[in-house]
Amino acid sequence: MADHELMFRPALELARMVHSGEIAACELVECSLERIEQLNPALNAFVQVDGERALRAAEEISPGDERPFAGVPIAIKNNRAVSGLRATHGAALLSQYVPNYDHNVTRRLKGAGFIVVGTTTLPEHGILPTTEPQLFGATRNPWDPTRSSGGSSGGSAVAVAAGMVPVAHGNDGGGSIRIPAACCGLVGLKPQRGRVSVAPDQGDSFFGCDGVLTRTVADTAAILDVLAGYEWGDATWAPPPPEPFATATTGAAARDPGRLRIAATTVPPLADARVDPLCAEAVDEAAALLRELGHEVEEVQVPWQVKGLRELFGTAFSIHIGLSVAFSGTIAGREPRAEDMEALSWAIYSRVRQIDAITGLAMTTRLQAIARRVIEFLAPYDALLTPALAERPLPLGTLDPMGPDPLGTFTRSGYFTPFTPILNSTGQPAIALPLLHGSDGLPLAVQLVARPAEEGPLLALAAQLETARPWRDRRPAPAETAASR
C-alpha cells in the first residue's frame, strides 16, 4: 500500500523526490488513486478519475526529468477541458460532453510534468459559493462533512484538504478559489485579471481567472509561473512580472518583504451583510501579527458600499452565467430548457434573456467605475486585509439551487461571501490564507489584496505570514472518519 502521507507534502517537495529518484512517479500516482478510492465515496470531490492514463503517464517519467513538477498528481476542475474526459461545468446539459482538446491551463500543467488523475466537482455553471449540484450531489468539507466545501472550486479544495492530491486546479469568478480555500484550510490565490490565459475558448474574461489550491504559498507561486503568460490570440493580458513569482517565496524575499503599509477593514461591500465575530477577530489577529512583523496596519473605510452594488454585480455576473448556459445549448445542439438545468440556473438564464445589450454593457461600465474608485483609494497602501468570508462554512443545504426562491438563494449567497466578488471587478490579485483555526474546529481565513498586477509582493507577504504562523501540517481528521462511515 502507498504511503498516504505523501499527498500531504508540498508539490515542490514531491517533484524534487521524483527528480532525485527517491520516489517514482508511479508511486505518487498510485498513492493519489488509493486516497481517491478510499475517501471520494464519502466526500464526493471527483467527477471522473482517469487512473489508467495517469499511471501510463507516470511510467514515462524517469529520475532527472527537468520539468518543474514531473510526476506530481493534480486534479482539474470540471469546467476546463481535459482531452478525453467529460467537461460538464456541473450541468446536466453537458453531462456527456467530452472535448478532444486540452484547455490552456491543462496543457501548461501537463507540460510542467503534472499528471492529471481526474476532474473535480463544482456547482452548476459555477454559480454558487458552495458545491452541491443536482448532477453530482453535495461535496463535503473534510473538516466537517455536514458543512459546505465552498465553491465553485469546492471539489478541488476537498481533494487537496483531504490528501487525495497535493494540489488542484481551480478558477475564480467571484471568489471561487478563495472561498473554498477559506472553507477547507488552504492557500487560494486569485491572480491578476489576464495573468492566466483562457485560451482557446475565449479571448479574455472580465470576472474569471484560473489558479490552484495548495497547502503552501511556495507551491502557489511556483505553479503561477507555470500558468502565467500570453497565448496567441489573447485579447488582453497582464504585464509580465519583473521576476519569477517563485522568487518572492524563497530566500530573502520570503523572510523579509520589507516594511509595508497595510490597510485593514471588516466592513463588507454589502451594507446589510453581517460579519461573524470569528471572521472579524481573524482580521484583528492577523493585523496584530503583521504589526509584530514590523508592518504598519491602518484601519480604513474602503469606498465600496455603493448603493445598488449587489444588484449591479449580480446582473453583470448573471450575464456571464447566461453565456455559460448558452454555450451548453450550443454544445448540446438545442436551445436550453428549464428541464435541462437547476431552478437557479434557469431563473438566471431567463432573467438575462430579458436584458438588452446596451443595459448589459452599461452594467460592466458602472462596475468599472466603482473598481477604479476602490483601486485609487487603495493606491497608497501595499496591501489590504479583510475577512475571507463573512460567515463560517455553511451547513449543507443552506444554499439550495433547487429551492422555491432561486433568485433569493442567489442573493443569500452574497451575504456569505461579500468580500470576494469586488476583487473580480477590480481585477486585483487577492489571496485567502488559512492563518488561524476557529474555536468551532473549522479553518479560519483572511484575505490579502495587492496592488494591480503585483502578485509577487503579495506572495512574499503571504510567505512571511506562513513562516510566522505555519499551517501546512493542519489536517482534517474527519476526512479519515468520513471514509469509514
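Residues numbered from 1 in each chain as written. Predicted model: local features only at pLDDT ≥ 70, side-chain atom pairs only at ≥ 80, totals over all residues. Heavy atoms only, no water.

Visitor: Could you give an account of the packing of aromatic side chains, naming the residues involved and the relevant values?
Guide: Any aromatic ring pair is given by two values, namely how distant the centres are and how the planes are angled relative to each other. Summed over the entire model, instances satisfying the criterion amount to 9 aromatic pairs. Look at Y230 and W237: their rings are 4.7 Å apart centre to centre, the planes differ by 65°, and that puts the pair in the edge-to-face class. Ring centres of F317 and F410 lie 6.4 Å apart, and the angle between their planes is 20°; this geometry places the pair in the stacked category. Remark: F410 occurs in helix 13 (residues 406-416) and F317 occurs in helix 10 (residues 309-332); sequence separation between them is 93 residues. Across the pair, F410 and F317 agree in class, each one buried. Taken together, the ring pairs connect F206, F207, F313, F317 and F410 into an aromatic cluster. (Phe/Tyr/Trp six-rings, centres within 6.5 Å; stacked < 30°, edge-to-face > 60°. Helix = DSSP H or I, 4+ residues; strand = E, 2+ residues; numbered from the N terminus. Buried < 20%, exposed > 50% of the residue type's maximum accessible area, 1.4 Å probe, protein only.)

Visitor: So, a negative patch on the surface: which residues are in play, and what are the values?
Guide: There is a patch of like negative charges on the surface, built from E27, E30, E59 and E60. Here E59 is to be found in helix 3 (residues 51-59). A relative accessible area of 56% places E59 in the exposed class. (Patch = residues over 30% accessible without salt bridge, like charges linked within 9 Å, V, L, I, M, F, W, Y side chains within 5 Å. Areas by Shrake-Rupley, 256 points an atom, 1.4 Å probe, with all protein chains shown as cover. Salt bridge = Lys/Arg side-chain N within 4 Å of Asp/Glu carboxyl O. Lys, Arg positive; Asp, Glu negative; His and termini not counted. Charge placed at Lys NZ, Arg CZ, Asp CG, Glu CD.)

Visitor: Account for the pairing of strand 12 (residues 430-437), with residues named and values stated.
Guide: For strand 12, the buried fraction is high: 7 of the 8 residues fall into the buried class. Pairing geometry for strand 7 (residues 187-190) and strand 12, over 3 bridges, is antiparallel. In the strand pairing of strand 12, G188 is matched with A432. With 6 bridges joining them, strand 12 and strand 13 (residues 443-450) adopt antiparallel strand pairing. Each bridged residue has a counterpart across the sheet, and for I431 the counterpart in strand 13 is L448. Here strand 12 hands over to strand 13 after 5 residues, with G441 in that stretch at a positive phi of 85°. (Pairing = 2+ DSSP bridges.)

Visitor: For the pattern of salt bridges, give the residues involved together with the corresponding values.
Guide: A complete count under the given rule lists 24 salt bridges for this structure. Between R310 and E311 there is a salt bridge, and its shortest N-O distance comes to 3.8 Å. By relative accessible area, R310 is classed as partly exposed at 26%. Residue R392 pairs with D440 through a salt bridge whose shortest N-O separation is 2.8 Å. Linking R392 in the loop between strand 11 (383-387) and helix 13 with D440 in the loop between strand 12 and strand 13, this pair joins segments that are 48 residues apart in sequence. By relative accessible area, which is 10% here, R392 ends up buried. On the basis of relative accessible area, D440 is assigned to the partly exposed category, the value being 35%. A network of salt bridges, in which partner residues are shared, links R9, E13, R472 and D473.

Visitor: An account of the pairing of strand 10 (residues 296-299) is needed here, citing residue identities and associated values.
Guide: Pairing geometry for strand 9 (residues 261-264) and strand 10, over 4 bridges, is parallel. Across the sheet, residue R261 finds its bridge partner in strand 10, namely E296. With helix 9 (residues 277-292) bridging strand 9 and its parallel neighbour strand 10, the resulting β-α-β unit is right-handed. (Right-handed = clockwise from strand over helix to strand, strands pointing away.)

Visitor: Describe a nonpolar patch on the surface, naming the residues involved and giving the relevant values.
Guide: Together, Y230, W232 and W237 make up an exposed nonpolar region whose accessible area comes to about 460 Å². Among the secondary structure elements, W232 is positioned in the loop between helix 7 (217-227) and helix 8 (251-255). For W232, a relative accessible area of 81% translates into the label exposed.

Visitor: Describe the nonpolar core, listing the residues and the values that go with them.
Guide: Ranked by internal contacts, the top residues of the largest apolar core, which has 137 residues, are F69, M164 and L385. In terms of residues, this core owes the most to one element, helix 2 (residues 25-43), which gives 8 residues. (Core = buried A, V, L, I, M, F, W, Y, C linked by side-chain atoms within 4.5 Å.)

Visitor: Help me get a handle on the packing of helix 10 against helix 13, residues and values and all.
Guide: Contact geometry of helix 10 with helix 13 gives a least axis separation of 11 Å together with a crossing angle of 115°. Helix-helix and strand crossings are classified by hand; for helix 10 and helix 13 the assignment is right-handed. In this structure, helix 10 uses R310, G314, F317 and S318 to contact helix 13, whose residues at the interface are F410, T411 and Y415. Tallied by class, the residues present in the contact of helix 10 with helix 13 amount to 3 nonpolar, 3 polar and 1 charged. (Axes fitted to C-alpha atoms, helices over the stretch in contact; angles between N-to-C directions. Left-handed = near helix turned anticlockwise from the far one by under 90°. Contact = heavy atoms within 4.5 Å. Nonpolar A, V, L, I, M, F, W, Y, C, P; charged D, E, K, R; others polar.)

Visitor: Give me the lowdown on the state of the cysteines, citing residues and values where you can.
Guide: Taken as a whole and judged by the stated rule, the model has 0 disulfides. The closest cysteine sulfur to the non-disulfide-bonded C183 is located on C184, 6.0 Å from its own sulfur. For C183, a relative accessible area of 0% translates into the label buried. No disulfide involves C279; its sulfur sits 9.7 Å from that of C183, the nearest cysteine. (Disulfide = S-S within 2.5 Å.)

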